[in-house]
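Architecture at a glance
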Amino acid sequence: MSIKNKINDFLFSKGFKLIDEDVSEYFGDFYCNYSNEIVNVRLVSDRSIETIDVCSVLEPNRWIDLALMKALINDEQDLSKITTVNEYNDFLESHFSKICDLLSKQNYPSTKKKVEVLEDKRAKQISPNL
């Protein structure tokens, strides 16, 4: 089963709706946006690189790389590691309720600040000479 189908099945089982989708006629690129009342989830395949991003419905254009949510929840220090799409999927499924809690109306402002710190930290780890 493709990762797209696995994520579709999982999100639909959690009450999400597919709100936007586009499939390119070239290279098999696509994106799918899903939403429930708390969280939006975006699955992207661009030149065979698949990623998953999340955002709060309170700020629907402020996407957060799921790897940063993973680092936040697991208190990871090495933010330069590559996360595979299967790891993304496993993390999304196993930490779904925590992700929703962090992106909820009451917790989102704090989560946003913590993610911004992680974004800066990751940029410094990836490009220390900038």
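Structure: above.
Now for a look at the structure at hand.

Conventions adopted
Residues numbered from 1 in each chain as written. Predicted model: local features only at pLDDT ≥ 70, side-chain atom pairs only at ≥ 80, totals over all residues. Heavy atoms only, no water. Helix = DSSP H or I, 4+ residues; strand = E, 2+ residues; numbered from the N terminus. Rg over C-alpha atoms; globule rule 2.2 N^0.38 Å. Buried < 20%, exposed > 50% of the residue type's maximum accessible area, 1.4 Å probe, protein only. Contact = heavy atoms within 4.5 Å. Lys, Arg positive; Asp, Glu negative; His and termini not counted. Charge placed at Lys NZ, Arg CZ, Asp CG, Glu CD. Disulfide = S-S within 2.5 Å.

**Focus: the overall build of the protein**
For the protein, the helix and strand inventory stands at five helices and five strands. When the helices and strands of the protein are listed from N to C terminus, the series reads α-β-β-β-β-β-α-α-α-α. Taking 130 residues into account, the globule formula puts the C-alpha radius of gyration at 14 Å, and the protein, at 15 Å, falls close to it. Its C-alpha atoms give the protein principal-axis dimensions of roughly 40 × 35 × 25 Å. Per-residue burial for the protein yields a buried fraction of 41% across its 130 residues. For the protein, the share of sequence-separated contacts (at least 6 apart) that also reach a separation of at least 24 residues comes to 44%. On the protein, the mean spot of the 17 positive side-chain charges and the mean spot of the 22 negative ones are 7 Å from each other.

**Section: the state of the cysteines**
Here, disulfide denotes a covalent bond that connects the sulfur atoms of two cysteines. In this structure the tally under the stated criterion is zero disulfides. C100 supplies the cysteine sulfur nearest to C55, a cysteine that is in no disulfide, at a spacing of 12 Å.

**Looking at helix α1 (residues 3–13)**
I3, K4, I7, N8, F10 and L11 are the residues of α1 that are buried. Lining the buried residues of α1 we find β1 (17–23), β2 (30–35), β3 (39–46), β4 (49–56), α3 (85–94) and α4 (96–102). Directly beyond the C-terminal end of α1, a positive phi value near 90 degrees is found at G15.

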